[in-house]
Amino acid sequence: MANVEACTQKILFVIVIIDSLCICILSFFYDKKLYTIYGNTMGTTFSIKYYARNAHDNEDISNNVNSILREVNSKFSTYDKESEISKFNALKSNTPFKMSADFKYLINKSFSLNELTDGRYDITIDPLLKVWGFYSKQKKYQRKMKLKKQCNQLESKD
């Protein structure tokens, strides 16, 4: 009889826990509205969908997301001529350059990845991007044809 009573108590306890979890999950979405942030960054567009309780929360989230993306863009966008990486790429070799902590971290990480991959990972991809037409107003078809031609040339060398 004691086993049945103990088992019943355990089952009731599990049911209470499951009910509590369901209430928590449902209350999380209750009275929340779906919001979407649209914008431009890194030479492309983005959209982020999320739930917020009210317009004030939505504004805070939107401002935080846009602030972070502006900061990343200002340092690492090759589409922004004034970004830190664009200024760095425009330098002549051996020219001193004061890097932000984030930029220095990125450069050091890229050197580590280059070493780990025996040189297969190479951050000096900018010349290749220019050949592929990423910085020009070329039509997608023209880029595809140029890339196909380059691939054929590489295959014929093998």
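Residues numbered from 1 in each chain as written. Predicted model: local features only at pLDDT ≥ 70, side-chain atom pairs only at ≥ 80, totals over all residues. Heavy atoms only, no water.

Sorry if this is basic, but what is going on with the overall build of the protein chain here?
If you tally the helices and strands in the protein chain, you get six helices and two strands. Start at the N end of the protein chain and walk to the C end: the helices and strands fall as α-β-β-α-α-α-α-α. The proportion of buried residues among the 158 residues of the protein chain is 15%. (Helix = DSSP H or I, 4+ residues; strand = E, 2+ residues; numbered from the N terminus. Buried < 20%, exposed > 50% of the residue type's maximum accessible area, 1.4 Å probe, protein only.)

Help me understand the packing of helix 2 (residues 55–76) against helix 4 (residues 101–116), please; the structure alone is not making it clear to me.
The description of two helices packed together rests on the angle between their axes and the distance between the axes. Their axes nearest at 10 Å, the elements helix 2 and helix 4 cross at an angle of 60°. In this view, helix 2 runs oblique relative to helix 4, as classed from their interaxial angle. Crossing of helix 2 against helix 4: the hand is right-handed. Here Glu-71, Lys-75 and Phe-76 of helix 2 lie close against helix 4, whose contacting residues are Asp-102, Phe-103 and Leu-106. The residue makeup of the contact of helix 2 with helix 4, split by class, is three nonpolar, no polar and three charged. (Axes fitted to C-alpha atoms, helices over the stretch in contact; angles between N-to-C directions. Parallel < 35°, antiparallel > 145°, perpendicular 65-115°, else oblique. Left-handed = near helix turned anticlockwise from the far one by under 90°. Contact = heavy atoms within 4.5 Å. Nonpolar A, V, L, I, M, F, W, Y, C, P; charged D, E, K, R; others polar.)

Before we go on, may I ask you to explain the pairing of strand 1 (residues 33–41) in this structure?
In regular strands, side chains alternate between the two faces of the sheet. Strand direction decides the pairing type here: strand 1 and strand 2 (residues 44–52), joined by nine bridges, are antiparallel. Opposite Tyr-38, over in strand 2, you have Ser-47 as the bridge partner. Turn length for the strand 1-strand 2 hairpin, with the two strands adjacent in sequence and antiparallel, is two residues, and the turn residue Met-42 shows positive phi of about 55°. (Pairing = 2+ DSSP bridges.)

What is the right way to read the packing of aromatic side chains from this model?
Ring pairs (aromatic) are described by centroid distance and by the angle formed between their planes. Summed over the entire model, instances satisfying the criterion amount to five aromatic pairs. Between Phe-88 and Phe-97, the ring centres sit 5.4 Å apart and the planes meet at 65°, which makes this aromatic pair edge-to-face. Judged by relative accessible area, Phe-97 falls into the partly exposed class, the value being 26%. (Phe/Tyr/Trp six-rings, centres within 6.5 Å; stacked < 30°, edge-to-face > 60°.)

In this structure, what is going on with the environment of Ile-61? I would like to understand it.
With respect to the secondary-structure elements, Ile-61 resides in helix 2. In sequence terms Ile-61 and Ile-37 are 24 residues apart; their C-alpha atoms lie 9.2 Å from each other. In contact with Ile-61, other than residues within four places in its own chain, are Ile-37, Tyr-50 and Ala-52.

Mind showing me how you'd approach unusual backbone geometry here?
Trans peptide bonds make up the majority, and among non-glycine residues the majority have a negative phi. Residues other than glycine seldom take positive phi values, yet Met-42 does so here, at roughly 55°. Residue position: Met-42 is located in the loop between strand 1 and strand 2. Look at Met-42 and you get partly exposed, because its relative accessible area is 28%.

Hey, could you run me through helix 4 in this one?
Residues that lie three or four places apart on an α-helix share one face, since the helix turns once every 3.6 residues. Taking 1.5 Å per residue as the helical rise, helix 4 with its 16 residues ought to reach 22 Å, and the 22 Å between its terminal C-alpha atoms agrees with that figure. For helix 4, the full list of buried residues reads Phe-103, Ile-107 and Ser-110. The arc that holds every buried residue of helix 4, seen down its axis, measures 60°, which confines them to one face. Away from its buried face, by an angle of more than 90 degrees, helix 4 presents the exposed residues Ala-101, Tyr-105, Glu-115 and Leu-116. Elements in contact with the buried residues of helix 4: helix 2 and helix 3 (84–89). (Expected span 1.5 Å × (residues − 1). Arc of directions from axis to C-beta.)

Is there a simple way to explain the confidence of the model for the protein chain in this structure?
When pLDDT drops low, the exact placement of atoms in the prediction is not to be read closely. Summary statistics for the protein chain give a mean pLDDT of 78 and a share of 73% for residues scoring 70 or more. Taking the mean pLDDT of every element in the protein chain, the minimum, 61, falls on helix 1 (residues 2–29) and the maximum, 92, on helix 4. (pLDDT = per-residue confidence, 0-100.)

Looking at this structure, how should I read a nonpolar patch on the surface?
A cluster of nonpolar residues, Leu-113, Leu-116, Tyr-121 and Ile-123, forms a patch on the protein surface that exposes about 380 Å² of accessible area. Mapped onto the elements, Leu-113 comes out in helix 4. For Leu-113, a relative accessible area of 35% puts it in the partly exposed group. (Patch = residues over 30% accessible without salt bridge, like charges linked within 9 Å, V, L, I, M, F, W, Y side chains within 5 Å. Areas by Shrake-Rupley, 256 points an atom, 1.4 Å probe, with all protein chains shown as cover. Salt bridge = Lys/Arg side-chain N within 4 Å of Asp/Glu carboxyl O.)

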